[in-house]
Amino acid sequence: MADANSTRAPNGATGVLVLASGDVLWGRGFGAEGDAVGEVCFNTTITGYQEVMTDPSYEGQIVTFTFPHIGNVGTNDEDVESRGAHALGCIVREDVTAPSNFRSTARFDAWLAAHGRIGLAGIDTRALTRRIREAGAPNGVIAHSADGSFDIDALLAKARQWPGLEGMDLARDVTVDEMGDWQGGLWRLGFGYEADEGAAPRPHVVAVDYGIKRNIFRNLFNAGAKITVVPAETDAATILALEPDGVFLSNGPGDPAATGDYAVPVIQALLDANVPIFGICLGHQLLGLAVGAKTAKMHQGHRGANHPVKRVADGRVEITSMNHGFAVDGATLPANAVETHVSLFDGSNAGFELTDKRAFSVQYHPEASPGPQDSHYLFEKFVSGLRR
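Residues numbered from 1 in each chain as written. Predicted model: local features only at pLDDT ≥ 70, side-chain atom pairs only at ≥ 80, totals over all residues. Heavy atoms only, no water.

Undergrad: Which parts of the structure should I look at to understand the pairing of strand 15 (residues 246–249)?
TA: Side-chain direction in a regular strand flips from residue to residue, so the side chains alternate between the two faces of the sheet. Of the two faces of strand 15, the one carrying Gly-246 and Phe-248 and the one carrying Val-247 and Leu-249 are both buried. Pairing of strand 13 (residues 204–209) with strand 15 involves four bridges; the strand directions are parallel. Paired with Val-205 across the strands is Gly-246, a residue of strand 15. Relative to strand 16 (residues 277–280), strand 15 runs parallel, the two sharing three bridges. Bridging from a neighbouring strand, Phe-248 pairs with Phe-278 of strand 16. Chirality of the crossover, the property in question, places the unit of strand 15, helix 8 (residues 256–272) and strand 16 among those that are right-handed. (Buried < 20%, exposed > 50% of the residue type's maximum accessible area, 1.4 Å probe, protein only. Helix = DSSP H or I, 4+ residues; strand = E, 2+ residues; numbered from the N terminus. Pairing = 2+ DSSP bridges. Right-handed = clockwise from strand over helix to strand, strands pointing away.)

Undergrad: Got a minute to help me understand the sheet that holds strand 20 (residues 349–354) in this structure?
TA: Backbone hydrogen bonds hold the strands of a sheet together, and the pairing may be parallel or antiparallel. Read from one edge to the other, the open sheet built from ten strands follows the order 10-14-13-15-16-21-20-19-17-18, with strand pairing classed as mixed. Edge positions in the open sheet fall to strand 10 (180–182) and strand 18 (317–328), since each of these has one partner strand only. Going across the sheet, the axis of each strand differs from the next one's by a mean of 25°, ignoring polarity. Pairing of strand 13 with strand 14 (residues 226–231), which is carried by six bridges, proceeds in the parallel orientation. Along strand 14, the bridge assignment pairs Val-205 with Ile-227. Relative to the sheet, helix 10 (residues 377–384) contacts strand 13, strand 15, strand 16, strand 17 (295–311), strand 18, strand 19 (337–343), strand 20 and strand 21 (359–362), its axis offset from that of strand 16 by approximately 160°. (Axes fitted to C-alpha atoms, helices over the stretch in contact; angles between N-to-C directions. Contact = heavy atoms within 4.5 Å.)

Undergrad: Where do I start with the pattern of salt bridges in this structure?
TA: Two side chains of opposite charge can pair, provided their charged atoms sit close to one another. In the structure shown here, the tally under the stated rule is 16 salt bridges. The closest approach of N and O atoms between Arg-172 and Asp-169, which form a salt bridge, is 2.7 Å. When its relative accessible area of 44% is taken as the criterion, Arg-172 is described as partly exposed. The salt bridge partner of Arg-311 is Glu-318, with a shortest N-O separation of 3.9 Å. Beyond isolated ion pairs, a larger network of salt bridges with shared partners links Glu-39, Lys-297 and Arg-303. (Salt bridge = Lys/Arg side-chain N within 4 Å of Asp/Glu carboxyl O.)

Quick look at the structure:
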């Protein structure tokens, strides 16, 4: 029985999105029941929803998919980017249908329920996306109740009390628990993930896990690296004791300035030791902070698999996968940092390289998954430049 403060959903709705502004969007809930509070963002990819939901960079976020047909290829155990789901929930236009793909092993709604994540269908995702673009990414609560009972006042209070991602360090919540090695390369139809045949010695890359995606490991592996993964708060002495030929700084969620409290001194020590460094997304932002640049919260962020980026050196345009709500302020980069890539959507910094160290980074995701493979060359660039 609903309590005295509950609100019965209209028209038999079983799901709702309550924004901190007071806006209430009714829909049809699926996946897990309950509620979750976070930042509401949008993603423009048309494939790879399972990879998006398992990307640790989405910790603390509720993803609005602009593509209307989400869930129609089902789910499987291969198309995941981490140990579990990280996005708090997802908002879609159409109801999830029965899967139509030979690789599917479970429906998307069943997969969400198994991972404790909430889905909300029947929402005008175009209108919600326009709202986010114009007013910025809002805080909100996504909720699902099979009997259609919700305490809207309580959900609104929760949305308004949530502090937001700015100032929040989430890398601690998603990083690995302990040091370990990675094995396995890129996936091929009929073969699965490639294994190490143990032919030639591989340069040793230590990957600092701030919330890494598995396809980054796979691309490093395919480029020829031996990979040791360490937790986000690993100190420089421990990393250097592993005798790395290079260090990789991973993607991850939250505010880079907050994670930088412990990550920046480590990166600065690695730069002082002349260790080659490659950073992606949060790792890019942390490298920027380590050399004296500043980062800032973006109005709406960049999330999708169709983001054009110009390579400054030759003007070539790469279509990239992006997922970030913070960015390096290119105007604050020091003299020894050359801007290498620029977003063609808004001119924001998308990459830089140091002139006096072997260190470079990009804001976007060259590993894709989901997304285009225009930028896979960056893994080759990094690994081929390491001592063998």
